[in-house]
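Structure assessment
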Amino acid sequence: MVMRFTPKAAGTGVRHLEAGGFRVASSRDFKSATAVQSDFGGADVQYFERFGIAIIRRDGERLKPMLQKAMEQKVVAAVRPERVYRVLGERGVEVDPYSLQASAGRGVAVPDYLRGYRDAVNHLVDRMLPDGDPSDGTAGVERFDEAGFTWGLQAIKVPSSALTGAGIKIAVLDTGFDDSHPDFIGRSVTQKLFASQSVSNDVHGHGTHCIGTACGPQRPTGVPRYGVAYDAEIYAGKVLGDDGFGTDRSIIAGMDWAVEQGCQIISMSLGAATSVGDQPNDDYEQIGQVCLDAGTLIVAAAGNESMRPGKIQPIGSPANATTIMAVAAVGQTLRIADFSCGGINSGQEVDIAAPGVGVLSSLPGGKHDRWNGTSMATPHVAGVAALIAESDAKYRGWTLWARLLQLARPLNLPARDVGKGLLQAPRR
Amino acid sequence: MKAAPPGHTVDVTVRVDLGKAAGRFDEIVLLLEGLGLADAAPHPRFGIVNGSVPVTQVAALRGVAGVTSVREDKVYGAQAR
């Protein structure tokens, strides 16, 4: 662990460590030495007085109570796992760690081992520390008061946006929509059924929840605002049946309808799991390309197959197509959701992350509830895409894609998990 | 494609090369139907035809000039937990 003390509290921090039974060696003690052992003579803690930084090498469990107390007393500013650094090859060419391991006589896949170790330590840090803002490495707490807006809308800066989605058509291809919901009276809604053996309205609820996030009202009754583009025109294509499942036939038909209707955005909170080594579906590569060239952006859920930290599954189909924007899910602490799939297969990447845990939105029958999933993250992106599209007619298709990524807030998390970062709405 | 009884029908997505098959999409759909593709749903905008076909005819569909791939349909689910 690398521990950074708050200014002027380093001495107190060192005394906390010593009181906890840790042997602390200070850089000051080795000032006159001609050579310094890398472990500072076997000490548990190496303290660099000039920087106010301590490296703790042993016994994370013993550290936990001391750390908790030190954080409460604001003696410790930040804690993170120690990183391993390696040389790069000549002229900026990276040395292949696999070849290094082979030449050392070992058959271990080093990068996978190190990533697993890193993820496990990150998980331990998450459990030990209060929730923090990973984008600046401090241990501050990011909390959202949902009196006026859901936490997700706050995190993506919707409250400060002057845009509404007016004039923009969003197609949500899902389980349908309850257009009799009181929150949507007076809205422009076009619906079409594509799923087989299903009724035309939303009996499942998923579609109404997603449409709520993308297009919910500015002032719903009795709940905080939960919708992004409250003036957008809603196109609800029921491509998933009453059981929440659908096939390529109904999904592709829904996509074709959305483009024919002139929708600038298609939101698809659906997917089929893939495996490590799978290639993207070329059908959706082609469809996505046609849509982008025609000025329609498709956003899709990355998938919920992961069980982090131990198991990260690859992005599902159709989100894994390079011409479809793949959306991952983060929680209120802006950490990656433990179920969110990652860019494991080569060329199949997460493009952006959005709120996907504890997301409040509409449900059939005039109800509201919190759901989790990359399904919930995806319509946040669709709604913000509508705001951007409203701001300037040049933002369509490829340029709309680029603008979404340009506005994203970088997170201190792997691109494998969050792409360019957290979705952000434009001010105007 | 999974092994299935000879008379078994599968739902498929047929992809047409938009470049090589330019101007021939309707003709290709007719050829596919002639080879057993039923309940055809053509999407010329995408170069895609959905339909169902006896599993024994899948290879024949692939042999139509301008067809890039024939794939059995997958099932997709809502991504909420």
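Above this text you will find the structure in question.
This report concerns the structure included in the present document.

**Observations concerning the side chain of His-209 of chain A**
- Mapping His-209 of chain A onto the fold places it in helix H6 (residues 206-215).
- His-209 of chain A has contacts with Val-359, Leu-360, Ser-361, Ser-362, Leu-363, Asp-369, Arg-370, Trp-371 and Met-376 of chain A, leaving out every residue within four places of it along the chain.

**Regarding the interface of chain A and chain B**
- Counting from both sides, the interface comprises 40 residues of chain A and, opposite them, 24 residues of chain B.
- Summing both sides of the interface, chain A and chain B together bury roughly 2,800 Å²; the carbon and sulfur share of this comes to 52%.
- A per-residue breakdown of the area chain A buries against chain B is headed by Arg-249, Asp-283 and Gln-286 of chain A, which together make up 24% of the total.
- Notably, a salt bridge pairs Asp-256 of chain A with Arg-45 of chain B, separated by 2.6 Å at the nearest N-O pair.
- For the interface between chain A and chain B, the tally reads 20 residue pairs in polar contact (both at pLDDT 80 or more).
- No other element matches helix H7 (residues 248-260) of chain A, which puts 9 residues into the side of chain A that touches chain B.
- Residue composition of the side of chain A that touches chain B, grouped by class: 18 nonpolar, 15 polar and 7 charged.

**Some remarks on the pairing of strand S3 (residues 48-54) of chain B**
Residues and elements named next belong to chain B.
- Burial analysis of S3 places 6 of its 7 residues in the buried class, the great majority of the element.
- Pairing of strand S1 (residues 9-16) with S3, which is carried by 7 bridges, proceeds in the antiparallel orientation. Each bridged residue has a counterpart across the sheet, and for Asp-11 the counterpart in S3 is Ser-52.
- As paired elements, strand S2 (residues 38-43) and S3 share 4 bridges and run antiparallel to each other. Bridging from a neighbouring strand, Ala-41 pairs with Asn-50 of S3.
- The antiparallel hairpin formed by S2 and S3 contains 4 residues in its connecting segment, where Gly-47 sits at a positive phi of about 70°.

**Side note on the sheet that holds strand S13 (residues 325-330) of chain A**
Residue and element names in this part refer to chain A.
- Across the sheet, 7 strands lie side by side as S7-S8-S6-S10-S12-S13-S14; this open sheet has parallel pairing. Across the chains shown, the open sheet's two edge strands, defined by having one partner strand only, are strand S7 (189-193) and strand S14 (352-355). Pairwise comparison of adjacent strand axes, ignoring direction, gives a mean angle of 25° for this sheet.
- Pairing analysis gives 4 bridges linking S13 to S14, with the strands arranged parallel. Bridging across to S14, Val-330 finds its partner in Pro-355.

Cut-offs and rules
Residues numbered from 1 in each chain as written. Chains lettered and ligands numbered in written order. Predicted model: local features only at pLDDT ≥ 70, side-chain atom pairs only at ≥ 80, totals over all residues. Heavy atoms only, no water. Helix = DSSP H or I, 4+ residues; strand = E, 2+ residues; numbered from the N terminus. Contact = heavy atoms within 4.5 Å. Buried area = accessible area lost by both parts, 1.4 Å probe. Salt bridge = Lys/Arg side-chain N within 4 Å of Asp/Glu carboxyl O. Polar contact = N/O pair within 3.5 Å; in protein donor to acceptor, adjacent residues only side chain to side chain. Nonpolar A, V, L, I, M, F, W, Y, C, P; charged D, E, K, R; others polar. Buried < 20%, exposed > 50% of the residue type's maximum accessible area, 1.4 Å probe, protein only. Pairing = 2+ DSSP bridges. Axes fitted to C-alpha atoms, helices over the stretch in contact; angles between N-to-C directions.

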